Structure formats: structure tokens, C-alpha cells
Amino acid sequence: MDSSALDEYFRFLRFPSISTDPERAGDVAACAAWLGGKLTSLGLVTTIHPTPRHPIVVARNEHRPGRRTVMIYGHYDVQPVDPVELWTTPPFEPRVTDGVCFARGAADNKGQIFAHIRGIEETLREKGELPVNLILLIEGEEEIGSANLEDFLATHREELSCDLIAISDTGMIAKGTPTFTYGLRGIGALELRVTGPATDLHSGIYGGAVANPAAAIARIVASLHDEQGRIAVPGFYDEVVPIEAWEREAWARLPFSDADILRVTGSPELFGEAGFTSLERTWARPTAEVNGIGGGFQGVGTKTVLPREAFAKLTFRLVPNQWPDDVMEKVKAHLRAHVPPGVKLEITGGHAGEPYVTDPQSPDGLAAQRALAQAFPGKPVALIREGGSIPIVNTFKRILGVETLLLGLALPDCAAHAPNENFPLENFFGGIRLNRALLDELAAIN
Ligand code: BES
Ligand code: MN
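Let me sum up the structure you'll find in this document. Keep in mind it's a predicted model, so treat the numbers as computed, not measured. (Residues numbered from 1 in each chain as written. Chains lettered and ligands numbered in written order. Predicted model: local features only at pLDDT ≥ 70, side-chain atom pairs only at ≥ 80, totals over all residues. Heavy atoms only, no water.)

Focus: helix 5 (residues 213-222)
Line of reasoning, step 1. Every buried residue belonging to helix 5 is among Pro213, Ala216, Ile217, Ile220 and Val221, and all of these are buried. Angular distribution of buried residues about the axis of helix 5 spans 130°; they occupy a single face of the element. Exposed and facing more than 90 degrees away from the buried side of helix 5 are Arg219 and Ala222.
Line of reasoning, step 2. Capping the start of helix 5, asparagine 212 holds a side-chain oxygen 2.8 Å from the backbone nitrogen of alanine 214, two or three residues further along. (Buried < 20%, exposed > 50% of the residue type's maximum accessible area, 1.4 Å probe, protein only. Helix = DSSP H or I, 4+ residues; strand = E, 2+ residues; numbered from the N terminus. Arc of directions from axis to C-beta. Polar contact = N/O pair within 3.5 Å; in protein donor to acceptor, adjacent residues only side chain to side chain.)

Quick look at the pairing of strand 17 (residues 404-407)
Line of reasoning, step 1. Going residue by residue along strand 17, you find Thr404 and Leu406 tucked away on one face and Leu405 and Leu407 tucked away on the opposite face as well.
Line of reasoning, step 2. By the bridge criterion, three bridges tie strand 7 (residues 164-167) to strand 17 in an arrangement that is parallel. Bridge pairing in strand 17 places isoleucine 167 opposite leucine 406.
Line of reasoning, step 3. Relative to strand 17, strand 8 (residues 179-184) runs antiparallel, the two being bridged by two bridges. Bridge assignment links threonine 181 to a residue of strand 17, and that residue is leucine 406. (Pairing = 2+ DSSP bridges.)

Looking at the coordination of the manganese ion (ligand 2)
Line of reasoning, step 1. Around the manganese ion (ligand 2), the protein supplies Asp108 (OD), Glu143 (OE), Glu143 (OE) and His417 (NE2) as donor atoms, at distances of 2.0 to 2.7 Å.
Line of reasoning, step 2. Coordination at the manganese ion (ligand 2) comes from six donor atoms whose angles at the metal span 53 to 156°, giving a geometry best classed as irregular.
Line of reasoning, step 3. Each donor residue of the manganese ion (ligand 2) belongs to the same chain, with the gaps between them written as D-x34-E-x273-H. Of this pair, aspartate 108 sits in the loop between strand 5 (100-102) and helix 3 (110-127) while glutamate 143 is found in the loop between strand 6 (133-139) and helix 4 (149-155), placing the two residues 35 residues apart along the sequence. A single burial state applies to aspartate 108 and to glutamate 143, both of which are buried. (Donors = N, O, S within 2.8 Å, 3.2 Å for Na, K, Ca; no water. Tetrahedral: all angles 85-135°; square planar, octahedral: opposite > 155°, others 65-115°.)

A word on the nonpolar core
Line of reasoning, step 1. By size, the foremost hydrophobic cluster in this structure holds 75 residues, and its most contacted members are Tyr9, Leu39, Leu136 and Phe428.
Line of reasoning, step 2. With 27 residues, the next largest nonpolar core counts Leu192, Ala216, Ile220 and Ile347 among its residues. (Core = buried A, V, L, I, M, F, W, Y, C linked by side-chain atoms within 4.5 Å.)

Looking at the site of ligand 1
Line of reasoning, step 1. Neighbouring residues of ligand 1: 16 residues in total, closest Asp108, Glu142, Asp169, Arg317 and His417.
Line of reasoning, step 2. Within the side chain of histidine 75, an N or O atom sits 3.0 Å from an oxygen atom of ligand 1.
Line of reasoning, step 3. Contact distances for ligand 1 include 2.8 Å between an oxygen atom and a side-chain N or O atom of aspartate 108.
Line of reasoning, step 4. The fraction of the free accessible surface of ligand 1 (520 Å²) that becomes covered by protein chains is 86%.
Line of reasoning, step 5. In terms of residue class, the shell around ligand 1 is made up of three nonpolar, seven polar and six charged. (Near = heavy atom within 4 Å. Areas by Shrake-Rupley, 256 points an atom, 1.4 Å probe, with all protein chains shown as cover. Nonpolar A, V, L, I, M, F, W, Y, C, P; charged D, E, K, R; others polar.)

Focus on the packing of aromatic side chains
Line of reasoning, step 1. With the rule as written, the count across this model stands at 13 aromatic pairs.
Line of reasoning, step 2. Their ring planes at 35° and their centres at 5.7 Å tell us that tyrosine 9 and phenylalanine 10 sit as a pair that is tilted.
Line of reasoning, step 3. Residue classification places phenylalanine 10 among the buried residues on the basis of a relative accessible area of 14%.
Line of reasoning, step 4. Aromatic pair phenylalanine 236 and phenylalanine 316: ring centres 6.3 Å apart, planes at 50°, arrangement tilted. Highlighted residues: phenylalanine 236 in the loop between helix 5 and helix 6 (245-252) and phenylalanine 316 in strand 13 (residues 309-318), separated in sequence by 80 residues.
Line of reasoning, step 5. The class for phenylalanine 316 is buried, based on a relative accessible area of 0%.
Line of reasoning, step 6. Its guanidinium or amino end placed over the ring of phenylalanine 12, lysine 110 lies 5.4 Å from that ring's centre, counting from NZ or CZ. (Phe/Tyr/Trp six-rings, centres within 6.5 Å; stacked < 30°, edge-to-face > 60°. Lys NZ or Arg CZ within 6 Å of the ring centre and 35° of its normal.)

Some thoughts on the packing of helix 2 (residues 25-41) against helix 3
Line of reasoning, step 1. At a minimum axis separation of 11 Å, helix 2 and helix 3 run at an interaxial angle of 20°. With respect to helix 3, the axis of helix 2 lies roughly parallel. Note on packing geometry: the crossing formed by helix 2 with helix 3 is left-handed. Between helix 2 and helix 3, the contacting residues are Cys31, Trp34, Leu35, Lys38 and Leu39 on the first element and Lys110, Phe114, Ile117, Arg118 and Glu121 on the second.
Line of reasoning, step 2. In terms of residue class, the contact of helix 2 with helix 3 is made up of six nonpolar, no polar and four charged. (Axes fitted to C-alpha atoms, helices over the stretch in contact; angles between N-to-C directions. Parallel < 35°, antiparallel > 145°, perpendicular 65-115°, else oblique. Left-handed = near helix turned anticlockwise from the far one by under 90°. Contact = heavy atoms within 4.5 Å.)

Concerning the pattern of salt bridges
Line of reasoning, step 1. Inspection of every chain in the model, using the stated rule, returns 30 salt bridges.
Line of reasoning, step 2. The salt bridge involving glutamate 121 is made with arginine 125; its shortest N-O contact spans 3.9 Å. One end of the pair, glutamate 121, and the other, arginine 125, are both in helix 3, four residues apart, so they sit about a helical turn from each other.
Line of reasoning, step 3. Classification of glutamate 121 as buried rests on a relative accessible area of 14%.
Line of reasoning, step 4. Lysine 397 is paired through a salt bridge with glutamate 403; the nearest N and O atoms lie 3.5 Å apart.
Line of reasoning, step 5. By relative accessible area, lysine 397 is classed as partly exposed at 33%.
Line of reasoning, step 6. Note on glutamate 403: relative accessible area 34%, which makes it partly exposed.
Line of reasoning, step 7. Taken together, the shared-partner salt bridges in this structure form one network comprising Glu8, Lys38, Arg118, Glu121 and Arg125. (Salt bridge = Lys/Arg side-chain N within 4 Å of Asp/Glu carboxyl O.)

A closer look at unusual backbone geometry
Line of reasoning, step 1. Residue proline 83 is reached from aspartate 82 by a cis peptide bond, and omega for that bond is 5°.
Line of reasoning, step 2. Residue placement: proline 83 occurs in the loop between strand 3 (69-75) and strand 4 (95-97).
Line of reasoning, step 3. Residues proline 320 and asparagine 321 are joined by a peptide bond in cis, for which omega reads -5°.
Line of reasoning, step 4. Here asparagine 321 shows up in the loop between strand 13 and helix 9 (324-337).
Line of reasoning, step 5. Here the phi dihedral of aspartate 98 falls at roughly 50°; this positive angle occurs in a residue that is not glycine.
Line of reasoning, step 6. Relative to the helices and strands, aspartate 98 is located in the loop between strand 4 and strand 5.
Line of reasoning, step 7. Overall, aspartate 98 belongs to the exposed group, its relative accessible area being 79%.
Line of reasoning, step 8. The phi dihedral of histidine 417 is positive, around 70°, even though this residue is not glycine.
Line of reasoning, step 9. When you line up the elements, histidine 417 lands in the loop between strand 17 and strand 18 (422-424).

What follows is the structure in C-alpha cells.
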């Protein structure tokens, strides 16, 4: 086992690069600087581009005519760690238990992007050069919607021009099963704030005469779904592309069942839109989710208060061909139409990302599947879509005009965005093999 690879992976994990937290901006920048140093040490020409928020790291080898140009994208930012008390070890002190590394970012995305970096490092050490013209693009705002990356792509179009993009920031359907992802959901985020009286009130003195913002936001949020789990926003499903017959059949045969979802999630039972399987619900159907809701007294014991305000944080997962701008307008109109009497609703827009789907049987898609099969031998390659979002992927297509190959390494129980996020070292080393096989396979297509 190569211990320098693990030492460096752990070093990378120790940066608390939480992009959403303004207090962590210095840590995010330090992480970018460390990454830049690492890539420079490989002999890659590396630039750390400042943005209005977190820097973008770009590294390239010497590009030569006649070789294909491959961009590998990833992100060095991570999600917040709370509820931190549910971690068994501190989130930024990586620990290995039974061959599995636990830390925030272990899987999403530091472990996966760092496996590619180590693959590149090994190839350069052994062969002196890579089989392709390489562009590594590693950003620090993926977990907050990649707001500054689109402009960056537009202003650096020439130097970022490439034949295709590869990303390892998705999942493997099961341990040891090489997995090619050909679709991602998009996303639209909103924050709701419901206000009522000018100040918190005694609920005995005024309750009954003044509307309660916490009760009101519960009604507004509840208006999003009907009893069958369908989204009740008028026109929400208008542009949704139906699931193809071959997909329904293929997904039903995948090594992942409702029992697995129950086990991994610990939910008492599954629930979702009628008429669809769980994989169909998460991969190819849109959703409305409440990420957080609050207002009023949250302390120990009771307090008879009528809160002056309440909030909710919502995200909507979108599927082809739902475009965030259009769908989110419909959602806002619906929310405004469901404000109960006596309160005011303020809606602020958040980040958005478009859904993506590509052809798994394209020459590059097939090359990627061969590389996956070499890196994770023994099982057939699973073709899947995913419910998560990587907002920049469709933007790559729009601005750079290229398709993206999604070669995920995270497992269903990796606890991404949750306490005790983890990544098996086996997958980290598999990711190194994948990078090497992938660049060879892609180079061979011309
Ligand atoms: N790696 C994930 C995306 C992902 C997760 C794809 C699981 C497929 C399966 C990525 O880092 C992520 O979490 N993206 C965010 C984007 C959002 C904050 C704009 C997401 O999907 O919530
Ligand atoms: Mn993530």
C-alpha cells in the first residue's frame, strides 16, 4: 500500500473547506493553495484563479497537437458538518476503521478527485508523460451551486476547450460494482420567510387574534404535495421527459433494492410518488424537499410565545427537460397563492442547476465503461442515473460544447452531507486505477 497517497489524502481532508460558511473562507482558500502546490509539484502548470467567493484551481500538462484533450473536474469544498455531535470522530480528523476512511469530504469529493490526482501522479512518475492533453479544473463552490464557475468558463473558453469531461463525484450502485452514470437531476433552491406581528407575542394575550407565522409556514410547505406524494404546483410536470422502457427494465435488474434503501436510510418505510419504483423516483422524477424549517421557541421546556417569523429552506430536484428558471417561477406563484391570511411571505431565490442526461453508448461512454471494468473487475458495469446534482455539468455542455462522463466511486452508505461521511480505501485505490485506465482508453479513441 502506498502510504504517501494516504498521508496526502488525509492532509487534504484536514482543511475544513466548508464553502457555505463565511467564517471558513480562509480555510477554503488555504485548501485551494495546498491543492495548487500539490499539482505544481507534479509538474503541471497550475493557476489559482480568485473569484468573488472561493478560488478555482486549474492545472494542465503541456498540450500537444494530435492528442485528445480531457478535462477532469472536481471540487475541494465540502458541506457543513452539523449535527456535529452525531459524528463518532471529529469530521476534519480523518480516521480509518476497517479499511474505511471517515471524514467530511472523504467521498464527496476530496477522496474521488484526489484518486484522479494520484493516478496522474503515478502515470507521470512511471512514464514521464500522460497519454492525453489534460486540464484539471477543481472548484470550491460546488456545494453552493457553482455560482462563479459559469462566468469563469465563459471568460476562459479558449484555454478550457476540450474534447470531453470526466468527473468522479457520483456513486457506485453497490460495493465493487463499476458504475457509469448517464444522468443527473437539476436543482432549484428557495428560502421562505413568513412574518407576522412586529415582535414575538404572549400567545395567551394575542393568540387567536393574530395569525401565527409558524403555523402559516407549515400550511405553505404542506401545499407543495398532494396526499399521493405528487407535487401540487400547477404545471410542475409539464416538461418532464418520461422514463424510457429500456431504463425501467434495466433499473429493475440493478443490484439495489428497496430493502437496501431501508437499510441505508434507516427509514421506517419508503414513500414517494405513486406509480414509480424508488430508483425511478430518485433518478428520473422531480421532487420538492424541505431542507430546514423553523421559527419560534427551540429551547428546552415550554414557552408560550407566538413567534414573529418563521422560515423554510426548500430545494427542488429537477429532471430533463425542466429548466430551473421556468419551474421556479411556477413554484413561487404557487407558494404566493397559498399564503394564509394574516401573514406576509418573502421568497428569496437560491442557487440553481440544470438536469443532465447523456448517451451511455457514445464512443467515449463506452471507453469509460471499459476503464471502469478494468479498475473494478469481476462485475458487469451498471448504467445508472443519479438523484444528486452537479450543477455545472449541463453548463459545460452549453458553454464548452462537450459531454461529461460520470464515473462515481462513492457507495450508497457513504453518508455524503451527513454525519460520519466515509470512503473505503479500496475505492480510493480503485479510483487511482480508474484514472489510469480512463486516460489510456480515451487517448486510444481518435
Ligand atoms: N457529489 C454530489 C452530487 C451527487 C451526489 C451526485 C450523489 C450523484 C449522487 C455533489 O457534490 C453535490 O452534493 N451536489 C449538490 C449540489 C447543490 C448543493 C447545488 C447536491 O446535489 O445537493
Ligand atoms: Mn456534495
